[in-house]
Amino acid sequence: MMKNILIVAGIGILSFSCSKKETTEVNNKVDSTKIVDSINAARTKLNDSIKAKNSENRFKDFSGSHKFIYQNDSSPKYSGSVNFTKIEGERDNYDVSGSIKSGNNSVNIKGFMQVVSAKHMNFTGEITQKIPENNNGKPYTRKGTKTFASKDGGKTYRLQDMVNGSGFVDYIDIQY
């Protein structure tokens, strides 16, 4: 008997809930495409401002040409130039290339420079020198990531990997 009451109650609930309800039409439809376009425009503007902020240098701008200097304990000072080209959309990052030429003496630098503090820059690439007094004139190349550090407030940055292929000290500087 209890089972029959539950079945009848269930059928009653189902028939009552399945009855056709009156539908009302909304005439005030909002164009969802306009809303999505508006949201996308706001997001694009925000993302562009974030991208611009993230590409601003934290340290001074090194873009342009700078003095590039080589000297060791037994040679005169040789100078040339090195060019820093800021990498678009990146913070404190530069493509770097330059050279020093004096007679048979030469030093070339090519690679990537990242300014990591007011007194330190990390260079990744190659610095090749050919100094006749060193290593019997054979080229010596420093490869990989090397640090340039400043001890004069950012006017001169000196390569910290100073020992050349002959075991002598070289001074390779970039002057701002």
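Under an unreviewed UniProt entry, the name given to the protein is Lipoprotein, and the organism recorded is Chryseobacterium muglaense.

1. Considering the nonpolar core
Membership of the largest hydrophobic core comes to 22 residues, with the highest contact counts inside it found for Phe-68, Phe-84, Ile-109, Met-113, Met-121, Ile-127 and Phe-148. Breaking this core down by element, the ones donating at least two residues are strand 1 (64-72), strand 2 (78-86), strand 3 (93-102), strand 4 (105-117), strand 5 (120-130), strand 7 (156-159) and strand 8 (170-175). Broken down by element, this core gets its largest block of residues, four residues, from strand 4. Not counting chain neighbours up to four residues away, the residues in contact with Ile-127 comprise Val-107, Asn-108, Ile-109, Tyr-140, Thr-141, Arg-142, Phe-148, Leu-159 and Ile-172.

2. Points about the side chain of Asn-164
Assignment of secondary structure puts Asn-164 in the loop between strand 7 and strand 8. In this structure the side chain of Asn-164 is engaged in a polar contact, spanning 3.1 Å, whose partner is the side chain of Asp-170. Residue contacts for Asn-164: discarding those within four places in its chain leaves Gln-129, Asn-134, Tyr-140, Arg-142 and Asp-170.

3. Description of the sheet that holds strand 7
Spatially, 1-2-3-4-5-6-7-8 is the arrangement adopted by the eight strands of the closed barrel, whose pairing is antiparallel. Within this sheet the neighbouring strands show an average axis-to-axis angle of 25°, counted without direction. Across 10 bridges, the pairing between strand 3 and strand 4 is antiparallel. The residue bridging Asp-95 from the neighbouring strand is Phe-112, located in strand 4.

What counts, and where the lines are drawn
- Residues numbered from 1 in each chain as written.
- Predicted model: local features only at pLDDT ≥ 70, side-chain atom pairs only at ≥ 80, totals over all residues.
- Heavy atoms only, no water.
- Core = buried A, V, L, I, M, F, W, Y, C linked by side-chain atoms within 4.5 Å.
- Buried < 20%, exposed > 50% of the residue type's maximum accessible area, 1.4 Å probe, protein only.
- Helix = DSSP H or I, 4+ residues; strand = E, 2+ residues; numbered from the N terminus.
- Contact = heavy atoms within 4.5 Å.
- Polar contact = N/O pair within 3.5 Å; in protein donor to acceptor, adjacent residues only side chain to side chain.
- Pairing = 2+ DSSP bridges.
- Axes fitted to C-alpha atoms, helices over the stretch in contact; angles between N-to-C directions.

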